[in-house]
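Okay, here's what each chain looks like letter by letter:
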Amino acid sequence: MKIVSWMTTNKCNLRCKHCYQDASPEAYAHELSTSEAKTLIDQIYAAGFDIMIFSGGEPLLRHDIYELVSYAAEKGLRPVFGTNATFITLDVAKRLKEAGAVSMGISLDSLDATKHDEFRGLPGAWQATVNGMKACREAGLMFQIHTTALDWNEEEITDITDFAVKMGAVGHYVFFLIPVGRGKYIQDTSLEVIANERLLRRLMQKQREVPIPIKPTCAPQFTRVAKQLEVPTRFSRGCLAGLTYCIISPEGVVRPCAYMVEEVGNVRETPFDELWATSEVFERLRTRAYGGSCGTCDYREGCGGCRARAAYYHDGDYMAQDDYCAHGRELIVE
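Numbering of residues begins from 1 in every chain and follows the order in which that chain's sequence is written. Note on the predicted model: pLDDT of at least 70 is required for a residue's local features to be given, and 80 or more for side-chain atom pairs to be given and counted; whole-chain, interface and lining totals, by contrast, use all residues. To get the side-chain values, take all heavy atoms of the structure and skip hydrogens and water.

S.K.: Just to check I follow, could you spell out the packing of helix 7 (residues 193-207) against helix 8 (residues 222-229) for this structure?
M.R.: Between two packed helices, the angle of one axis relative to the other and the distance separating the axes together describe the packing. Fitted lines through C-alpha atoms serve as axes, helices being fitted only where they are in contact, and the angles separating the N-to-C directions of these axes extend from 0 to 180 degrees. Helix and strand labels come from DSSP, where a helix needs a run of H or I of at least four residues and a strand needs a run of E of at least two; each type is numbered from the N terminus. With their axes 9 Å apart at the nearest point, helix 7 and helix 8 run at an angle of 55° to one another. In terms of orientation, helix 7 and helix 8 fall into the oblique class. Viewed along their axes, helix 7 and helix 8 form a crossing whose handedness is right-handed. Contacts from Glu197, Leu200, Arg201, Met204 and Gln205 of helix 7 reach helix 8 at Phe222, Arg224, Val225, Ala226, Gln228 and Leu229. Gly is placed with the polar residues, together with every amino acid not listed as nonpolar (Ala, Val, Leu, Ile, Met, Phe, Trp, Tyr, Cys and Pro) or charged (Asp, Glu, Lys and Arg). When grouped by side-chain class, the residues that make up the contact of helix 7 with helix 8 number 6 nonpolar, 2 polar and 3 charged. Our angle categories are set so that under 35 degrees counts as roughly parallel, over 145 as roughly antiparallel, 65 to 115 as roughly perpendicular, and the remainder as oblique. When the near helix sits turned anticlockwise from the far one by under a right angle, the crossing is termed left-handed; a clockwise turn instead gives a right-handed crossing. Residues are treated as being in contact if the distance between any of their heavy atoms lies within 4.5 Å.

Laid out in structure tokens, this is it:
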């Protein structure tokens with residue numbers, strides 16, 4: 001299954017501390033138009049993709065979002081969202097579902113409203129987000145919860161999983177911070193190697209207890225941890241960048257993932273399906289010829305290491321080893 005994430009707009013009503021997007025007004029003028037977006041959707045379909053993520057920024061700030069969702073659905077793509085849900089009322093949820101949206105990925109970083117609001121940069125964001133979840137539930141529009149794992153919320157991550165179950169979410173996706181964009185400035189709050197490993201173990205052990213899938217994101221080592229703990233998971237591959245996944249910026253720039261700076265090209269200059277088929281960056285990623293410990297690891301086929309972290313910590317070499325892994329190292333992980 002192939003997934004593409006289109007960051008529909010730089011516009012956002014929040015000011016999240018870890019955001020990798022440019023939410024300044026100057027960035028708005030160069031975003032893809034409605035007609036350009038429809039051409040992009042045609043090319044995504046031609047490239048054989050299955051799922052199209054409408055993300056941002058905040059995708060619900062695009063005036064044509066319902067039109068584009070409907071267009072994608074008519075093509076046979078499965079439109080899903082990455083949203084803060086603060087704009088989702090019952091009417092909006094119903095309208096999204098009628099347009100063909102399949103599921104909402106809703107960001108929630110704490111069960112403490114004050115902590116969430118402070119991280120997301122808007123008083124009242126937590127309550128508005130939870131209200132958006134309730135609206136989706138009432139409208140029969142599926143949603144999952146997305147949580148960024150940091151040192152200040154690490155202990156409550158699995159409590160958020162329980163909250164997701166209680167709210168009727170269909171999944172809990174836990175995002176491990178990559179130091180890009182604003183994330184560079186809060187790198188000191190990200191989880192280190194041993195803390196990463198401990199949290200992955202907790203999440204996979206939690207998977208035994210809950211009926212919804214838990215998916216660590218940007219922490220592909222979870223596939224190894226699941227096997228080591230003998231925990232069944234429907235996710236067989238960790239890092240998907242360039243293999244079955246890529247992203248497109250609001251301006252049409254294609255990259256292997258949101259956290260990799262390597263640009264493949266621009267859909268305004270080269271059709272997306274051509275970029276997907278012929279890019280040297282994608283071709284190199286598809287060799288899976290990883291360096292260092294990732295290249296010799298027994299779990300490399302399922303994990304693959306985080307290519308964004310490899311690039312960040314190895315002078316841009318996205319095929320290098322991912323240093324954020326405890327496997328095969330003399331580290332004590334309790």
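S.K.: Would you take a moment to explain the sheet that holds strand 10 (residues 265-266) for this structure?
M.R.: Sheet strands pair by backbone hydrogen bonding; their relative direction is either parallel or antiparallel. Pairing within the open sheet is mixed, and its 10 strands lie in the order 7-6-5-4-3-2-1-8-9-10. The open sheet is flanked by strand 7 (214-217) and strand 10, the only strands paired with a single partner. Note: strand 1 (residues 3-7) against strand 8 (residues 245-248), 4 bridges, orientation parallel. Along strand 8, the bridge assignment pairs Ser5 with Ile247. Running over the sheet, helix 5 (residues 125-139) touches strand 4 (103-107) and strand 5 (142-149) and is turned about 165° from strand 4. Two strands form a pair only when DSSP identifies at least two bridges running between them.

S.K.: Which parts of the structure should I look at to understand the state of the cysteines?
M.R.: A covalent bond between the sulfur atoms of two cysteines is what we call a disulfide. Any two cysteine sulfur atoms within 2.5 Å of one another count as a disulfide. Enumeration over the complete set of coordinates arrives at 0 disulfides. Unpaired in terms of disulfides, Cys136 finds its nearest cysteine sulfur in Cys12, a separation of 16 Å. The closest cysteine sulfur to the non-disulfide-bonded Cys303 is located on Cys325, 6.0 Å from its own sulfur.

S.K.: Can you walk me through the packing of helix 5 against helix 6 (residues 157-167) in this structure?
M.R.: Where helix 5 meets helix 6, the axes come as close as 11 Å, and the angle between the chain directions of the two elements is 35°. Along the contact surface, helix 5 presents Val130, Met133, Lys134 and Arg137, while helix 6 presents Phe163, Lys166 and Met167. Taken together, the residues that form the contact of helix 5 with helix 6 break down as 4 nonpolar, no polar and 3 charged.

S.K.: What is the right way to look at the environment of Leu191 in this model?
M.R.: The residue Leu191 is located in the loop between strand 6 (172-176) and helix 7 in this model. Sequence separation between Leu191 and Leu177 is 14 residues, and the spatial gap between their C-alpha atoms is 7.8 Å. Apart from the residues lying within four places of it in its own chain, the contact partners of Leu191 are Ala149, Leu150, Asp151, Glu154, Phe176, Asn196, Leu199 and Tyr324.

S.K.: For this particular structure, what's the right way to read the nonpolar core?
M.R.: It is characteristic of soluble globular proteins that their nonpolar side chains tend to be buried jointly. Take the buried Ala, Val, Leu, Ile, Met, Phe, Trp, Tyr and Cys residues and link them wherever side-chain atoms come within 4.5 Å; each set so joined is a nonpolar core. Each residue is placed in one exposure class: buried if its accessible area under a 1.4 Å probe, protein chains only, is under 20% of its type's maximum, exposed if it is over 50%, and partly exposed if it falls in between. Ranked by size, the top nonpolar core spans 97 residues in total, and within it Met104 and Phe272 carry the most contacts. Looking at this core element by element, the count peaks at 6 residues for helix 5. Sequence-distant contacts of Phe272, that is, excluding residues within four places in its chain, are made with Val4, Leu40, Gln43, Ile44, Ala47, Phe49, Cys246, Ile248, Val254 and Val267.

S.K.: Explain the pairing of strand 2 (residues 51-55) to me, please; I cannot follow it from the model alone.
M.R.: Consecutive residues of a regular strand have side chains that alternate between opposite faces of the sheet. Burial analysis of strand 2 places 5 of its 5 residues in the buried class, the great majority of the element. Side chains Ile51, Ile53 and Ser55 of strand 2 all project onto a buried face; the interleaved residues Met52 and Phe54 project onto the opposite face, where all are buried too. Two strands pair when backbone bridges link them, and strand 2 and strand 3 (residues 78-83) are joined in this way by 4 bridges, in the parallel orientation. The partner of Ile51 across the bridge, within strand 3, is Arg78.

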